[in-house]
Amino acid sequence: MPPPNYSSSLLKPRSKNRGPRPHRKTMANALPGQKAGEVTATPNPFEFHVYGPRHLSSPSWWDLFRSSWKDPNYRRMVIACFIQGVYLLELDRQDKRDERTGLAPQWWRHFMYRLSQTLIDERDGSIYGAVLEWDRRALLAGYAPFRPAGAPAAVVALRGTLLSGATFRRDVVDDLRFLAWDSLKGSVRFAGALAALRSAARRHGAGSVCVGGHSLGAGFALQVGKALAKEGVFVECHVFNPPSVSLATSLRGFAETAGEMWDRVRAWLPYVGSAAAAADASGEAKEVTLERAGTAKWLPHLYINTNDYICCYYTDAAARTATVTARGGGGSGSSKAAGGDGGMGKPGLARMVTVSKGPTKFLDAHGLQQWWADDVELQVALNHSKFIDRQLRSLYAAQAQPVSPQVSL
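Residues numbered from 1 in each chain as written. Predicted model: local features only at pLDDT ≥ 70, side-chain atom pairs only at ≥ 80, totals over all residues. Heavy atoms only, no water.

*Asks:* Got a sec to walk through helix α3 (residues 72-94)? Specific residues and values, please.
*Replies:* The end-to-end C-alpha separation of α3 is 34 Å, in line with the 33 Å expected for 23 residues at 1.5 Å each. Among the 23 residues in α3, 21 count as buried, and that is most of the element. You can read the cap of α3 off the contacts: a side-chain oxygen lies 3.1 Å from the backbone nitrogen of N73, and it is on D71. K96 occupies a position one or two residues after α3 and carries a positive phi of about 60°. (Helix = DSSP H or I, 4+ residues; strand = E, 2+ residues; numbered from the N terminus. Expected span 1.5 Å × (residues − 1). Buried < 20%, exposed > 50% of the residue type's maximum accessible area, 1.4 Å probe, protein only. Polar contact = N/O pair within 3.5 Å; in protein donor to acceptor, adjacent residues only side chain to side chain.)

See the structure below:
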């Protein structure tokens with residue numbers, strides 16, 4: 001789905017806490033030793049030091065003892081920066097900026113990563129994703145001999161819709177595909193992203209690989225992560241403002257509501273049939289959900305702003321909401337992300353991070369910048385939603401306990 005920061009009014013990032021943009025003449029007068037009349041070019045507003053986070057340090061030898069990557073807030077902010085870099089990869093291509101003058105590399109080099117592979121849509125040549133790998137050479141230049149604990153060896157980052165340039169048509173086609181079918185499997189980009197993620201998992205191990213995306217890219221990240229999980233390969237998944245609005249979902253939700261109403265009516269009617277049918281009528285053979293499955297092997301990290309109507313349906317609580325755990329993890333409740341990890345540092349918990357105090361207007365609520373901003377307050381909800389329950393249900397259907405039919409003689 002389209003991120004507002006990249007609409008036709010592109011290059012208009014929020015300037016909160018950044019101060020006024022300096023005028024060219026002011027900058028020229030402020031620089032010592034500069035010749036009279038010489039003008040200094042204004043920096044691009046999407047440069048990392050202008051638009052990026054202020055307080056995210058670059059890895060150093062200190063991370064060998066206490067890794068910043070173990071902090072879930074640091075992890076969230078860095079992955080959001082990687083996705084921002086993918087947006088800029090495509091903009092660099094459109095503006096014909098090379099690796100030396102491009103804006104994108106700033107967004108991963110700061111964290112000691114390098115571009116390993118670009119995911120290109122061969123139909124229009126646009127870049128929709130990238131594989132970033134840990135840069136050992138950059139780490140050695142900082143006098144740190146190995147990768148800090150918790151830092152992924154590879155990250156597959158996927159961007160959302162760009163409403164400008166030649167890629168507009170292909171992006172919108174995938175938006176409409178999701179709107180109609182609640183699925184992106186028929187897209188060329190789905191196949192490319194899945195192949196890149198599978199290759200990275202084979203090369204580095206699933207536990208050292210992460211996939212992340214924003215908006216439409218979050219939809220791709222969620223679905224390729226799920227596809228890989230069905231193969232028994234579980235990679236860490238971070239999705240920012242994932243799309244939740246589709247006709248298929250609305251129809252499915254209506255059918256489920258109608259089914260619940262019929263179950264209530266049927267409970268009041270006399271019922272005659274086999275023991276197995278009676279067990280089904282009494283609710284002993286209900287469709288499996290994550291709650292009934294009990295233990296989930298793969299669960300994504302969701303980052304939701306409730307003021308964003310594109311992703312707000314993820315916050316709809318499932319019936320009898322309960323914490324879903326993976327590999328024996330547990331916990332429930334919520335906490336402020338700023339004061340602690342709220343359980344997010346513990347592997348295996350279903351995690352949904354929502355904005356409690358932050359952007360409220362849709363154009364900002366759907367933006368990516370809020371996820372690395374210093375002034376946003378987040379809340380960690382350790383439960384699952386009706387929407388994510390429905391999307392991941394097929395992964396755990398095999399865990400449902402079948403009801404053995406009883407035959408009366």
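Once you've had a look at it, read on.
*Asks:* Mind laying out the pattern of salt bridges, listing which residues take part and the relevant values?
*Replies:* Counted by the stated rule, this structure contains 14 salt bridges. Across the pair R97 and D92 runs a salt bridge whose closest N-O atoms are separated by 2.7 Å. We note a salt bridge from E133 to R114, for which the minimum N-O separation is 2.9 Å. Remark: R114 occurs in strand β1 (residues 113-121) and E133 occurs in strand β2 (residues 126-134); sequence separation between them is 19 residues. Taking the relative accessible area as the measure of exposure, R114 reaches 29% and is therefore partly exposed. Residues joined by salt bridges that share partners form a network here, namely D121, R123, R159, D171 and R189. (Salt bridge = Lys/Arg side-chain N within 4 Å of Asp/Glu carboxyl O.)

*Asks:* Give me a nonpolar patch on the surface: which residues, what numbers.
*Replies:* Nonpolar side chains collect at one region of the surface, where L176, L179, V245 and Y313 lie side by side and expose about 330 Å² of accessible area between them. Looking at where Y313 falls in the secondary structure, it is placed in the loop between β6 (301-304) and β7 (334-336). (Patch = residues over 30% accessible without salt bridge, like charges linked within 9 Å, V, L, I, M, F, W, Y side chains within 5 Å. Areas by Shrake-Rupley, 256 points an atom, 1.4 Å probe, with all protein chains shown as cover.)

*Asks:* Tell me about the nonpolar core, and please be specific about residues and values.
*Replies:* Soluble globular proteins tend to pack their nonpolar side chains together in the buried interior. The biggest cluster of nonpolar side chains holds 45 residues, and the ones touching the most others in it are F82, F111, Y113 and W371. The leading source of residues in this core is α3, at 13 residues. Those residues in contact with W371, other than ones at most four positions away along the chain, are R76, M77, A80, F240, N241, Y303, I304, N305, V353, V355 and L378. In this structure, A201, V224, A227 and I304 belong to the second largest nonpolar core, which totals 40 residues. (Core = buried A, V, L, I, M, F, W, Y, C linked by side-chain atoms within 4.5 Å. Contact = heavy atoms within 4.5 Å.)

*Asks:* Go over the packing of helix α7 (residues 188-204) against helix α8 (residues 216-230), please, and point to the residues and values.
*Replies:* Axis separation between α7 and α8 bottoms out at 10 Å; the angle between their running directions is 55°. With respect to each other, α7 and α8 are oriented oblique. Our pair here, α7 against α8, has a crossing hand that is right-handed. The residues of α8 that touch α7, namely those facing R189, F190, A193, L194, L197, R198 and A201, are F220, Q223, V224, G225, A227 and L228. Here the contact of α7 with α8 is built from residues that sort into nine nonpolar, two polar and two charged. (Axes fitted to C-alpha atoms, helices over the stretch in contact; angles between N-to-C directions. Parallel < 35°, antiparallel > 145°, perpendicular 65-115°, else oblique. Left-handed = near helix turned anticlockwise from the far one by under 90°. Nonpolar A, V, L, I, M, F, W, Y, C, P; charged D, E, K, R; others polar.)

*Asks:* Which residues make up the pairing of strand β4 (residues 209-214), and what values do they have?
*Replies:* Burial of β4 is extensive: six of the six residues sit out of reach of the surface. Sheet topology places strand β3 (residues 154-158) next to β4; five bridges connect them, and they run parallel. Its bridge partner lying in β4, L158 is registered against G213. Of the crossover connections in this fold, the one passing from β4 over α8 to the parallel strand β5 (residues 236-240) is right-handed. (Pairing = 2+ DSSP bridges. Right-handed = clockwise from strand over helix to strand, strands pointing away.)

*Asks:* So, unusual backbone geometry: which residues are in play, and what are the values?
*Replies:* Look at M112: it is not a glycine, yet its phi comes out positive at around 70°. Among the structural elements, M112 can be located in the loop between α4 (106-109) and β1. Accessibility expressed as a relative area gives 12% for M112, which makes it buried. Unusually for a residue other than glycine, D182 sits at a positive phi of about 60°.

*Asks:* Provide a residue-level description of the environment of V131, including the pertinent values.
*Replies:* The topology assignment puts V131 in strand β2. Separated by 45 residues in the primary sequence, V131 and V86 place their C-alpha atoms 9.5 Å from one another. Discounting chain neighbours no more than four positions away, the residues touching V131 are R114, L115, S116, Q117, V155, V156 and A196.

*Asks:* Summarise α8; cite the residues concerned and give the values.
*Replies:* For α8, built from 15 residues, the straight-helix expectation of 21 Å at 1.5 Å per residue is met to within 8% by its first-to-last C-alpha distance of 21 Å. Trailing α8 by a residue or two, G232 shows a phi angle of about 85°, which is positive.

*Asks:* Please give an account of the packing of aromatic side chains that cites residues and values.
*Replies:* Taken as a whole and judged by the stated rule, the model has 16 aromatic pairs. When the ring of W69 is compared with that of Y74, the centres are 5.6 Å apart and the planes differ by 80°; the resulting orientation is edge-to-face. Taking relative accessible area as the criterion, Y74 reaches 7% and is therefore assigned buried. By way of ring pairs, the aromatic residues F46, F48, Y51, W69, Y74, F82, W107, F111, Y113, W134 and W372 are connected into one cluster. (Phe/Tyr/Trp six-rings, centres within 6.5 Å; stacked < 30°, edge-to-face > 60°.)

*Asks:* Help me get a handle on the packing of helix α6 (residues 168-181) against α8, residues and values and all.
*Replies:* Orientation of α6 relative to α8, taken along the N-to-C sense of each, is 60°, at an axis distance of 10 Å. On the basis of their axis angle, the class for α6 and α8 is oblique. The handedness of the crossing between α6 and α8 is left-handed. Residue-level contacts link D171, D174, D175 and F178 of α6 to L216, F220 and Q223 of α8.

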